[in-house]
Amino acid sequence: MTLSVSRTDDRGLGKRCCCLLNVLLLLLVLCSFWFCIRSDRWRHGIPPSCRPQGTTTNLSIASLSPRDHYKNVTSQRMLYEKPDALKPPRTDILMMTPWFAPIVWNGTYNIDVLTAQFQQRDLRICLTVFAIKKYTVFVQTFIETAEKYFMVGHKVTYYVFTDHVSNIPIMELAEGRRLMVLRAPTYQRWQDVSMRRMEILRDYSRQRFTDAVDYLVCVDVDMRFNDEVGVEILSDLFGTLHPGMYGVPRKIYTYERNPQSEAFIPLDEGDFYYAGGYFGGNVEEVYKLTSFCHNAMMADKAKNIEAIWHDESYLNKYFLYHKPTKILSPEYLWDDSFGIPKFLKRRRFVTVPKKHNEIRN
Ligand code: 4GW
Ligand code: MN
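Anyway, here's the lowdown on the structure attached to this text. As the structure is a prediction and not an experimental result, all values here were calculated from the model.

Strand order in this open sheet of 8 strands is S1-S9-S7-S8-S5-S2-S3-S4, and the pairing throughout is mixed. Pairing within the sheet leaves two strands with one partner each, and these edge strands are strand S1 (103-104) and strand S4 (177-183). With 7 bridges joining them, strand S3 (residues 155-162) and S4 adopt parallel strand pairing. Counted as the bridge partner of Val 160 is Val 181 from S4. Sheet contacts for helix H7 (residues 283-302): strand S5 (215-219), strand S7 (237-240) and strand S8 (278-281); angle to S8, the most-contacted strand, approximately 130 degrees. Contacts from helix H8 (residues 311-321) reach S7 and S8, with the element oriented near 130 degrees to S7.

Here's what the structure looks like:
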(Lines give C-alpha, C1' and ligand atoms only; values in the text may rest on other atoms or scores of the structure.)
(Ligands and ions follow the chains in the order given, each with its own letter.)
Protein backbone atom coordinates (compact mmCIF):
# COMPACT_ATOMS: atom_id res chain seq x y z
CA MET A 1 0.00 0.00 0.00
CA THR A 2 2.66 2.28 1.03
CA LEU A 3 4.59 1.30 -2.08
CA SER A 4 1.63 1.89 -4.43
CA VAL A 5 0.96 5.27 -2.88
CA SER A 6 4.56 6.22 -3.32
CA ARG A 7 4.47 5.13 -7.02
CA THR A 8 1.30 7.20 -7.64
CA ASP A 9 3.03 10.14 -5.92
CA ASP A 10 6.06 9.72 -8.15
CA ARG A 11 3.92 9.81 -11.30
CA GLY A 12 2.05 12.90 -10.00
CA LEU A 13 5.30 14.60 -9.20
CA GLY A 14 6.66 13.89 -12.68
CA LYS A 15 3.53 15.38 -14.28
CA ARG A 16 3.74 18.50 -12.13
CA CYS A 17 7.42 18.95 -12.99
CA CYS A 18 6.60 18.65 -16.67
CA CYS A 19 3.86 21.26 -16.33
CA LEU A 20 6.18 23.65 -14.50
CA LEU A 21 8.85 23.14 -17.15
CA ASN A 22 6.32 23.96 -19.87
CA VAL A 23 5.24 27.12 -18.07
CA LEU A 24 8.87 28.16 -17.62
CA LEU A 25 9.55 27.49 -21.30
CA LEU A 26 6.54 29.56 -22.30
CA LEU A 27 7.67 32.38 -20.01
CA LEU A 28 11.13 32.26 -21.56
CA VAL A 29 9.69 32.52 -25.07
CA LEU A 30 7.43 35.42 -24.03
CA CYS A 31 10.29 37.21 -22.30
CA SER A 32 12.65 36.97 -25.25
CA PHE A 33 9.86 38.17 -27.55
CA TRP A 34 9.23 41.17 -25.28
CA PHE A 35 12.94 42.03 -25.06
CA CYS A 36 13.19 41.85 -28.83
CA ILE A 37 10.46 44.47 -29.26
CA ARG A 38 11.80 46.65 -26.45
CA SER A 39 15.41 46.71 -27.59
CA ASP A 40 14.25 47.54 -31.09
CA ARG A 41 12.28 50.50 -29.73
CA TRP A 42 15.27 51.65 -27.70
CA ARG A 43 17.57 51.38 -30.66
CA HIS A 44 15.29 53.62 -32.64
CA GLY A 45 14.85 55.97 -29.72
CA ILE A 46 18.49 57.08 -29.59
CA PRO A 47 18.70 60.82 -30.38
CA PRO A 48 20.18 61.47 -33.86
CA SER A 49 23.43 62.96 -32.53
CA CYS A 50 24.25 59.75 -30.60
CA ARG A 51 23.36 57.33 -33.37
CA PRO A 52 26.24 55.35 -34.79
CA GLN A 53 27.12 56.64 -38.23
CA GLY A 54 25.55 54.77 -41.08
CA THR A 55 22.56 53.60 -39.07
CA THR A 56 19.34 54.57 -40.75
CA THR A 57 15.97 54.78 -39.15
CA ASN A 58 12.62 55.90 -40.38
CA LEU A 59 11.18 56.67 -36.95
CA SER A 60 9.91 60.23 -36.50
CA ILE A 61 11.16 62.60 -33.76
CA ALA A 62 7.65 62.51 -32.29
CA SER A 63 8.24 59.00 -30.96
CA LEU A 64 11.30 60.09 -28.93
CA SER A 65 10.78 60.46 -25.24
CA PRO A 66 12.27 63.65 -23.70
CA ARG A 67 14.30 61.33 -21.49
CA ASP A 68 16.09 59.95 -24.54
CA HIS A 69 17.98 63.26 -24.77
CA TYR A 70 19.32 63.05 -21.25
CA LYS A 71 23.09 62.77 -21.19
CA ASN A 72 25.29 60.78 -18.89
CA VAL A 73 27.30 63.09 -16.69
CA THR A 74 30.77 62.75 -15.32
CA SER A 75 31.98 64.32 -12.10
CA GLN A 76 35.22 66.11 -11.54
CA ARG A 77 36.84 66.98 -8.24
CA MET A 78 37.27 70.72 -7.56
CA LEU A 79 39.09 72.35 -4.70
CA TYR A 80 38.01 75.73 -3.38
CA GLU A 81 37.20 77.51 -0.16
CA LYS A 82 33.86 76.64 1.38
CA PRO A 83 31.20 79.37 1.39
CA ASP A 84 30.22 80.58 4.86
CA ALA A 85 26.45 80.67 5.42
CA LEU A 86 26.86 83.31 8.13
CA LYS A 87 29.41 85.55 6.46
CA PRO A 88 28.61 87.37 3.22
CA PRO A 89 31.68 87.84 1.00
CA ARG A 90 30.98 91.58 0.72
CA THR A 91 28.97 93.95 2.87
CA ASP A 92 29.66 97.23 1.08
CA ILE A 93 27.36 96.59 -1.87
CA LEU A 94 23.95 95.01 -2.58
CA MET A 95 24.48 91.44 -3.76
CA MET A 96 20.89 90.38 -4.29
CA THR A 97 17.71 92.12 -5.43
CA PRO A 98 14.42 91.72 -3.51
CA TRP A 99 13.34 89.34 -6.30
CA PHE A 100 16.42 87.18 -5.72
CA ALA A 101 18.41 88.13 -8.77
CA PRO A 102 22.15 88.27 -8.04
CA ILE A 103 23.97 91.55 -8.64
CA VAL A 104 27.39 90.68 -10.01
CA TRP A 105 30.30 92.32 -8.19
CA ASN A 106 33.91 91.28 -7.94
CA GLY A 107 34.51 89.08 -4.88
CA THR A 108 30.98 87.66 -4.68
CA TYR A 109 31.39 84.59 -6.90
CA ASN A 110 33.91 81.91 -7.76
CA ILE A 111 34.64 82.06 -11.49
CA ASP A 112 36.16 78.55 -11.56
CA VAL A 113 33.00 77.02 -10.15
CA LEU A 114 30.83 79.04 -12.53
CA THR A 115 33.00 78.26 -15.54
CA ALA A 116 32.92 74.55 -14.73
CA GLN A 117 29.13 74.72 -14.50
CA PHE A 118 28.79 76.57 -17.79
CA GLN A 119 31.48 74.63 -19.67
CA GLN A 120 29.52 71.42 -19.24
CA ARG A 121 26.91 73.06 -21.46
CA ASP A 122 29.31 74.01 -24.29
CA LEU A 123 27.71 77.43 -24.73
CA ARG A 124 27.58 79.58 -27.84
CA ILE A 125 27.85 83.21 -26.77
CA CYS A 126 27.12 86.04 -29.14
CA LEU A 127 28.33 89.61 -28.63
CA THR A 128 26.43 92.17 -30.73
CA VAL A 129 27.39 95.76 -31.55
CA PHE A 130 26.27 98.40 -33.99
CA ALA A 131 28.78 100.52 -35.88
CA ILE A 132 26.79 102.90 -38.04
CA LYS A 133 28.32 105.85 -39.88
CA LYS A 134 31.48 107.07 -38.17
CA TYR A 135 31.18 104.61 -35.28
CA THR A 136 33.06 102.00 -37.35
CA VAL A 137 36.25 103.58 -35.94
CA PHE A 138 35.49 101.92 -32.59
CA VAL A 139 35.32 98.35 -33.89
CA GLN A 140 39.03 97.50 -33.92
CA THR A 141 39.70 98.41 -30.28
CA PHE A 142 36.41 96.85 -29.24
CA ILE A 143 37.26 93.46 -30.76
CA GLU A 144 40.95 93.52 -29.89
CA THR A 145 40.16 94.09 -26.23
CA ALA A 146 37.29 91.58 -26.32
CA GLU A 147 39.74 88.96 -27.58
CA LYS A 148 41.83 89.61 -24.51
CA TYR A 149 39.09 89.77 -21.87
CA PHE A 150 35.63 88.70 -23.06
CA MET A 151 34.62 85.06 -22.42
CA VAL A 152 38.13 83.76 -23.01
CA GLY A 153 38.03 80.00 -23.62
CA HIS A 154 34.39 79.97 -24.70
CA LYS A 155 32.72 79.86 -28.11
CA VAL A 156 32.14 83.48 -29.09
CA THR A 157 30.67 85.04 -32.22
CA TYR A 158 30.90 88.78 -32.72
CA TYR A 159 28.03 90.23 -34.72
CA VAL A 160 28.88 93.67 -36.04
CA PHE A 161 25.94 95.44 -37.65
CA THR A 162 27.09 98.20 -39.94
CA ASP A 163 26.19 100.33 -42.94
CA HIS A 164 29.88 100.40 -43.99
CA VAL A 165 30.93 96.78 -44.32
CA SER A 166 34.25 97.65 -45.99
CA ASN A 167 35.26 99.81 -43.02
CA ILE A 168 35.27 96.87 -40.65
CA PRO A 169 38.85 95.64 -40.28
CA ILE A 170 39.77 92.01 -40.87
CA MET A 171 41.14 90.69 -37.63
CA GLU A 172 42.74 87.49 -36.51
CA LEU A 173 40.70 85.84 -33.78
CA ALA A 174 41.48 83.12 -31.28
CA GLU A 175 40.25 79.58 -31.88
CA GLY A 176 36.53 79.10 -31.36
CA ARG A 177 35.79 82.76 -32.10
CA ARG A 178 34.22 84.25 -35.24
CA LEU A 179 33.35 87.67 -36.57
CA MET A 180 30.17 88.14 -38.59
CA VAL A 181 29.69 91.49 -40.29
CA LEU A 182 26.09 92.19 -41.15
CA ARG A 183 24.61 94.99 -43.18
CA ALA A 184 22.27 97.26 -41.25
CA PRO A 185 20.22 100.24 -42.37
CA THR A 186 21.36 103.71 -41.52
CA TYR A 187 19.14 106.48 -40.23
CA GLN A 188 19.60 110.16 -40.58
CA ARG A 189 18.80 111.05 -36.99
CA TRP A 190 21.28 109.63 -34.45
CA GLN A 191 18.39 108.96 -32.09
CA ASP A 192 16.99 106.58 -34.69
CA VAL A 193 20.40 104.92 -35.15
CA SER A 194 20.42 104.18 -31.43
CA MET A 195 16.75 103.21 -31.10
CA ARG A 196 16.51 101.01 -34.20
CA ARG A 197 19.01 98.63 -32.65
CA MET A 198 16.02 97.16 -30.84
CA GLU A 199 14.19 96.41 -34.07
CA ILE A 200 17.21 94.76 -35.68
CA LEU A 201 17.99 92.67 -32.61
CA ARG A 202 14.34 91.64 -32.44
CA ASP A 203 14.39 90.48 -36.07
CA TYR A 204 17.63 88.54 -35.66
CA SER A 205 16.43 86.96 -32.42
CA ARG A 206 13.37 85.69 -34.20
CA GLN A 207 15.37 84.24 -37.08
CA ARG A 208 19.12 83.82 -37.32
CA PHE A 209 19.97 83.73 -33.61
CA THR A 210 17.27 81.24 -32.65
CA ASP A 211 19.25 78.06 -33.33
CA ALA A 212 22.77 79.52 -33.46
CA VAL A 213 23.09 81.19 -30.06
CA ASP A 214 22.62 80.30 -26.40
CA TYR A 215 23.27 83.75 -24.90
CA LEU A 216 23.23 87.21 -26.43
CA VAL A 217 25.25 90.08 -25.00
CA CYS A 218 24.19 93.39 -26.57
CA VAL A 219 26.46 96.36 -25.97
CA ASP A 220 27.57 99.79 -27.18
CA VAL A 221 30.57 99.86 -29.52
CA ASP A 222 32.26 103.01 -28.19
CA MET A 223 33.84 100.88 -25.47
CA ARG A 224 36.88 98.81 -24.63
CA PHE A 225 37.29 95.78 -22.41
CA ASN A 226 39.73 96.48 -19.62
CA ASP A 227 39.38 93.40 -17.40
CA GLU A 228 37.82 89.93 -17.42
CA VAL A 229 34.18 89.41 -18.35
CA GLY A 230 33.18 85.76 -18.09
CA VAL A 231 30.20 83.48 -17.68
CA GLU A 232 29.31 85.15 -14.37
CA ILE A 233 27.25 87.63 -16.42
CA LEU A 234 25.08 85.00 -18.12
CA SER A 235 21.48 84.47 -17.16
CA ASP A 236 18.07 84.28 -18.85
CA LEU A 237 17.70 88.06 -18.80
CA PHE A 238 20.28 90.53 -17.54
CA GLY A 239 20.69 94.29 -17.34
CA THR A 240 23.43 96.58 -16.05
CA LEU A 241 23.40 99.33 -13.43
CA HIS A 242 24.10 102.69 -15.05
CA PRO A 243 27.48 104.01 -13.83
CA GLY A 244 26.03 107.45 -13.16
CA MET A 245 23.01 106.36 -11.19
CA TYR A 246 23.67 103.40 -8.91
CA GLY A 247 23.35 105.36 -5.68
CA VAL A 248 20.75 108.07 -6.23
CA PRO A 249 17.17 108.28 -4.90
CA ARG A 250 14.35 107.00 -7.08
CA LYS A 251 13.10 110.43 -8.04
CA ILE A 252 16.50 111.33 -9.50
CA TYR A 253 16.43 108.42 -11.96
CA THR A 254 16.12 109.92 -15.43
CA TYR A 255 13.17 107.72 -16.40
CA GLU A 256 10.66 109.06 -18.89
CA ARG A 257 8.19 111.15 -16.84
CA ASN A 258 5.66 112.02 -19.51
CA PRO A 259 2.50 109.97 -18.75
CA GLN A 260 1.62 109.95 -22.46
CA SER A 261 4.77 108.02 -23.33
CA GLU A 262 4.93 104.21 -23.39
CA ALA A 263 8.18 104.54 -21.43
CA PHE A 264 6.53 106.47 -18.59
CA ILE A 265 7.49 105.46 -15.05
CA PRO A 266 5.83 107.31 -12.14
CA LEU A 267 7.97 108.83 -9.38
CA ASP A 268 7.00 106.18 -6.82
CA GLU A 269 8.12 103.23 -8.96
CA GLY A 270 11.45 101.85 -10.11
CA ASP A 271 14.17 99.58 -8.75
CA PHE A 272 17.35 100.62 -10.52
CA TYR A 273 18.34 102.78 -13.46
CA TYR A 274 19.65 100.41 -16.13
CA ALA A 275 22.10 101.39 -18.87
CA GLY A 276 20.98 101.14 -22.48
CA GLY A 277 24.43 100.03 -23.57
CA TYR A 278 24.59 96.59 -21.93
CA PHE A 279 21.89 93.96 -21.69
CA GLY A 280 21.37 90.39 -22.75
CA GLY A 281 20.09 86.93 -21.99
CA ASN A 282 18.86 83.93 -23.87
CA VAL A 283 17.46 84.48 -27.36
CA GLU A 284 13.82 84.21 -26.35
CA GLU A 285 14.16 86.73 -23.52
CA VAL A 286 16.11 89.16 -25.70
CA TYR A 287 13.43 88.75 -28.35
CA LYS A 288 10.73 89.67 -25.82
CA LEU A 289 12.68 92.68 -24.54
CA THR A 290 13.63 94.10 -27.95
CA SER A 291 10.18 93.46 -29.33
CA PHE A 292 8.56 95.32 -26.42
CA CYS A 293 10.96 98.26 -26.74
CA HIS A 294 10.55 98.54 -30.50
CA ASN A 295 6.75 98.36 -30.32
CA ALA A 296 6.66 100.95 -27.55
CA MET A 297 8.90 103.28 -29.57
CA MET A 298 6.66 102.88 -32.62
CA ALA A 299 3.55 103.57 -30.54
CA ASP A 300 5.20 106.75 -29.20
CA LYS A 301 6.35 107.75 -32.67
CA ALA A 302 2.73 107.57 -33.84
CA LYS A 303 1.91 109.99 -31.00
CA ASN A 304 4.85 112.17 -31.97
CA ILE A 305 6.61 111.34 -28.72
CA GLU A 306 10.20 110.23 -28.15
CA ALA A 307 11.32 109.18 -24.69
CA ILE A 308 13.98 111.30 -22.99
CA TRP A 309 16.84 108.79 -23.24
CA HIS A 310 15.59 106.96 -26.31
CA ASP A 311 16.04 103.16 -26.24
CA GLU A 312 17.38 103.36 -22.68
CA SER A 313 14.07 104.78 -21.42
CA TYR A 314 12.07 101.92 -22.98
CA LEU A 315 14.56 99.38 -21.65
CA ASN A 316 14.04 100.76 -18.14
CA LYS A 317 10.30 100.47 -18.55
CA TYR A 318 10.64 96.83 -19.65
CA PHE A 319 12.91 95.89 -16.74
CA LEU A 320 10.55 97.49 -14.24
CA TYR A 321 7.78 95.04 -15.10
CA HIS A 322 9.90 92.13 -16.35
CA LYS A 323 12.58 91.87 -13.72
CA PRO A 324 16.00 90.75 -14.91
CA THR A 325 17.23 87.42 -13.54
CA LYS A 326 20.72 88.86 -13.02
CA ILE A 327 22.09 92.41 -12.78
CA LEU A 328 25.60 93.50 -13.63
CA SER A 329 27.25 96.02 -11.35
CA PRO A 330 28.83 99.17 -12.86
CA GLU A 331 32.10 97.20 -13.04
CA TYR A 332 30.68 95.99 -16.35
CA LEU A 333 30.00 99.44 -17.74
CA TRP A 334 32.15 102.20 -16.38
CA ASP A 335 33.06 105.69 -17.45
CA ASP A 336 36.37 106.95 -16.07
CA SER A 337 35.01 110.48 -15.97
CA PHE A 338 33.14 109.33 -12.82
CA GLY A 339 36.48 108.64 -11.09
CA ILE A 340 37.13 105.33 -9.31
CA PRO A 341 35.01 104.93 -6.16
CA LYS A 342 36.20 102.59 -3.39
CA PHE A 343 33.60 99.88 -3.96
CA LEU A 344 34.64 99.55 -7.60
CA LYS A 345 37.28 96.83 -7.51
CA ARG A 346 37.42 96.31 -11.26
CA ARG A 347 36.60 98.33 -14.36
CA ARG A 348 35.91 95.59 -16.84
CA PHE A 349 34.34 97.52 -19.73
CA VAL A 350 34.93 101.24 -20.06
CA THR A 351 33.83 103.97 -22.43
CA VAL A 352 36.25 105.22 -25.06
CA PRO A 353 36.21 109.01 -24.91
CA LYS A 354 34.62 110.47 -28.04
CA LYS A 355 35.49 113.66 -29.82
CA HIS A 356 31.82 114.49 -30.10
CA ASN A 357 32.01 117.01 -32.91
CA GLU A 358 34.17 114.69 -35.05
CA ILE A 359 32.46 111.40 -34.45
CA ARG A 360 28.85 112.36 -34.09
CA ASN A 361 28.42 114.58 -37.08
C1 4GW B 1 25.08 111.91 -32.14
O2 4GW B 1 25.41 112.53 -33.12
C3 4GW B 1 25.14 110.44 -32.14
S4 4GW B 1 25.66 109.50 -33.41
C5 4GW B 1 24.76 109.65 -31.10
C6 4GW B 1 24.90 108.28 -31.36
C7 4GW B 1 25.38 108.04 -32.59
C8 4GW B 1 25.66 106.72 -33.14
C9 4GW B 1 25.47 105.61 -32.36
C10 4GW B 1 26.16 106.56 -34.47
O11 4GW B 1 26.35 107.49 -35.26
N12 4GW B 1 26.45 105.28 -34.90
C13 4GW B 1 26.27 104.21 -34.09
O14 4GW B 1 26.58 103.09 -34.51
N15 4GW B 1 25.74 104.37 -32.83
C16 4GW B 1 25.49 103.15 -32.02
O17 4GW B 1 24.63 103.46 -30.94
C18 4GW B 1 26.80 102.67 -31.41
O19 4GW B 1 26.74 101.27 -31.23
C20 4GW B 1 26.78 103.36 -30.08
O21 4GW B 1 27.65 102.76 -29.15
C22 4GW B 1 25.32 103.27 -29.71
C23 4GW B 1 24.83 104.31 -28.69
O24 4GW B 1 25.32 105.60 -29.01
P25 4GW B 1 26.42 106.30 -28.08
O26 4GW B 1 27.40 105.26 -27.67
O27 4GW B 1 26.99 107.47 -28.78
O28 4GW B 1 25.56 106.75 -26.85
P29 4GW B 1 26.14 107.09 -25.41
O30 4GW B 1 27.09 108.25 -25.55
O31 4GW B 1 24.93 107.40 -24.59
O32 4GW B 1 26.87 105.90 -24.88
MN1 MN C 1 28.11 104.50 -25.82
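That was the structure; now back to the text.
This part covers the coordination of the manganese ion (ligand 2). Coordination of the manganese ion (ligand 2) by the protein comes from Asp 220 (OD), Asp 222 (OD) and Asp 222 (OD), over a distance range of 2.2 to 2.5 Å. Judged by relative accessible area, which is 23%, Asp 220 ranks as partly exposed. Accessibility expressed as a relative area gives 6% for Asp 222, which makes it buried.

Our next topic: the packing of H7 against H8. Relative to each other, H7 and H8 sit at 125 degrees, their axes nearing to 9 Å. The angle between the axes of H7 and H8 places the two elements in the oblique class. Of the two possible hands of crossing, H7 and H8 adopt the one that is right-handed. On the side of H7, the interface is formed by Glu 285, Lys 288, Leu 289, Phe 292, Cys 293, Ala 296, Met 297 and Asp 300, while H8 contributes Asp 311, Tyr 314, Leu 315, Lys 317, Tyr 318 and Phe 319. Split into classes, the residues belonging to the contact of H7 with H8 amount to 9 nonpolar, no polar and 5 charged.

The rules behind each value
- Every residue gets a number counted from 1 within its own chain, in the order that chain's sequence is written.
- Key to labels: chains lettered from A, ligands numbered from 1, both in the order written.
- Restriction of local features to residues with pLDDT of at least 70 applies here, the model being predicted, together with a cutoff of 80 or more for giving and counting side-chain atom pairs; totals for whole chains, interfaces and linings are based on all residues.
- Hydrogens and water molecules were not included; the side-chain quantities draw on all heavy atoms of the structure.
- Any two strands between which DSSP finds at least two bridges are classified as paired.
- The numbering of helices and of strands both runs from the N terminus, where a helix is a DSSP run of H or I of at least 4 residues and a strand a run of E of at least 2.
- What makes two residues a contact is simply this: any of their non-hydrogen atoms within 4.5 Å.
- Only the stretch in contact is used when fitting a helix axis, every axis being a line fitted to C-alpha atoms; angles between N-to-C directions are given from 0 to 180 degrees.
- We call an atom a donor if it is N, O or S and sits within 2.8 Å of the metal, or 3.2 Å for Na, K and Ca. Water is not counted, so some sites may look partial.
- Each residue gets one of three labels from its accessible area relative to the maximum for its type: buried under 20%, exposed over 50%, partly exposed in between, using a 1.4 Å probe on protein chains only.
- An angle counts as roughly parallel when it lies under 35 degrees, as roughly antiparallel when it exceeds 145, as roughly perpendicular when it falls between 65 and 115, and as oblique in every other case.
- The crossing is said to be left-handed when, going from far helix to near helix, the turn is anticlockwise and less than a right angle, and right-handed when the turn is clockwise.
- Under the scheme applied here, ten amino acids are nonpolar (Ala, Val, Leu, Ile, Met, Phe, Trp, Tyr, Cys and Pro), four are charged (Asp, Glu, Lys and Arg), and all others, including Gly, are polar.

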